[in-house]
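# Observations on chain architecture
The residues making up each chain are set out below.
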Amino acid sequence: MGAFCIQIIEANPHLRSLLGWHLQQAGYWVHQSADLHQAREVFLHRQPTLVILDSELPDGNGIEFCRWLQQQQQSLILMLSARSTETDIVEGLRAGADDYLTKPFGMQEFLARVEALTRRSKSATPPASLDYGDLKIDLVHRRVRFKGDLVDLTPQEFSLLYVLAQAGGLPLSRSELLRRAWPDAIDNPRTVDTHVLSLRKKIETDPRQPSLIQTVRNVGYRFNLESLTSIATPTDYPQHRKSLARPSTRMMVGERGRG
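A brief look at the structure comes next. (Residues numbered from 1 in each chain as written. Predicted model: local features only at pLDDT ≥ 70, side-chain atom pairs only at ≥ 80, totals over all residues. Heavy atoms only, no water.)

What follows covers the pattern of salt bridges. Taken as a whole and judged by the stated rule, the model has 12 salt bridges. The partner of Arg83 in a salt bridge is Glu56, with the nearest N and O atoms 2.6 Å apart. On the criterion of sequence distance, the pair formed by Arg83 in the loop between β6 (76–81) and α4 (86–94) and Glu56 in strand β4 (residues 56–57) is long-range, its members being 27 residues apart. Residue classification places Glu56 among the partly exposed residues on the basis of a relative accessible area of 33%. Linking Arg67 and Glu64 is a salt bridge whose minimum nitrogen-to-oxygen distance equals 2.6 Å. In this pair, Arg67 and Glu64 both sit in helix α3 (residues 62–72), 3 residues apart, roughly one turn of the helix. You can call Glu64 partly exposed: its relative accessible area is 48%. Each of Glu10, Asp54 and Lys103 takes part in salt bridges that share partners, so that together they form one network. (Salt bridge = Lys/Arg side-chain N within 4 Å of Asp/Glu carboxyl O. Helix = DSSP H or I, 4+ residues; strand = E, 2+ residues; numbered from the N terminus. Buried < 20%, exposed > 50% of the residue type's maximum accessible area, 1.4 Å probe, protein only.)

This is the structure we're talking about:
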């Protein structure tokens, strides 16, 4: 892929969503997997440049999967693990991991490790824009154009649209959208409905009969990529690199529900 694509394979859903959100805010193209079965399919389909891999997964050993990834000879690997002995770290590195980060860890350290790994790849540049034909999302200036017209979105509307579009047409539940598109914890799923309604008024030809942001009964919402014409691939601007550090982030990540 032209854009820098990162796959997160992490058993803890809260940690997985948190890491994904920060990477998305840094401008990366992110795909998330909860177990090895799903991870293998996503990897073969998306061909990520960097894989962030939990060492312990519900359906298998992350170390063994790391060895399989190394055989593909195309992705960098950052292993996350609650195991912190020298023996454990050496085992992970010898299995093919390019870096090893023990839980719990700070978010700024995590982002710095990702940035260091991205420098190892000549194609390691975050996507500067996403082009879906009629819909163009500028990640540098956080602007959206639909059918050539600039769409005036609030920061939250932009984040919601980005997460929906990045899902590639897969339906996302309201709770998942809250975790991935909102920077703060929110318990009210109706917040999503309100913002979806606002988005539809701005990018749908007929908001009363939406074709882009579709409601999936008993699930949530999906972005209908098929309704867009001349769908293109994400666009890179090699000269652009965003700062990965998020000011005043001092949390320790991975302390609960270690994987």
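Right, picking up where we left off after that structure.
Moving on, we get to the packing of helix α6 (residues 155–166) against helix α7 (residues 174–181). For the pair α6 and α7, interaxial distance at closest approach is 10 Å and the crossing angle is 120 degrees. Pair α6 / α7 crosses with right-handed handedness. Only Leu177, Arg180 and Ala181 of α7 make contact with α6, whose side of the interface consists of Gln156, Ser159, Leu160, Val163, Leu164 and Gln166. Tallied by class, the residues present in the contact of α6 with α7 amount to 5 nonpolar, 3 polar and 1 charged. (Axes fitted to C-alpha atoms, helices over the stretch in contact; angles between N-to-C directions. Left-handed = near helix turned anticlockwise from the far one by under 90°. Contact = heavy atoms within 4.5 Å. Nonpolar A, V, L, I, M, F, W, Y, C, P; charged D, E, K, R; others polar.)

To continue, consider the sheet that holds strand β13 (residues 172–173). The strands making up a sheet are joined through hydrogen bonds of the backbone, oriented either antiparallel or parallel. Pairing is antiparallel across the open sheet formed by 3 strands, whose spatial order is β13-β15-β14. On the outer flanks of this sheet lie β13 and β14 (213–216), each paired with one strand and no other. The pairing of β13 with strand β15 (residues 220–223) spans 2 bridges and is classified as antiparallel. Among the inter-strand pairings, Ser173 is bridged to a residue of β15, identified as Gly220. Packing of α6 onto the sheet brings it into contact with β13, β14 and β15, and relative to β15 it is tilted by some 75 degrees. (Pairing = 2+ DSSP bridges.)

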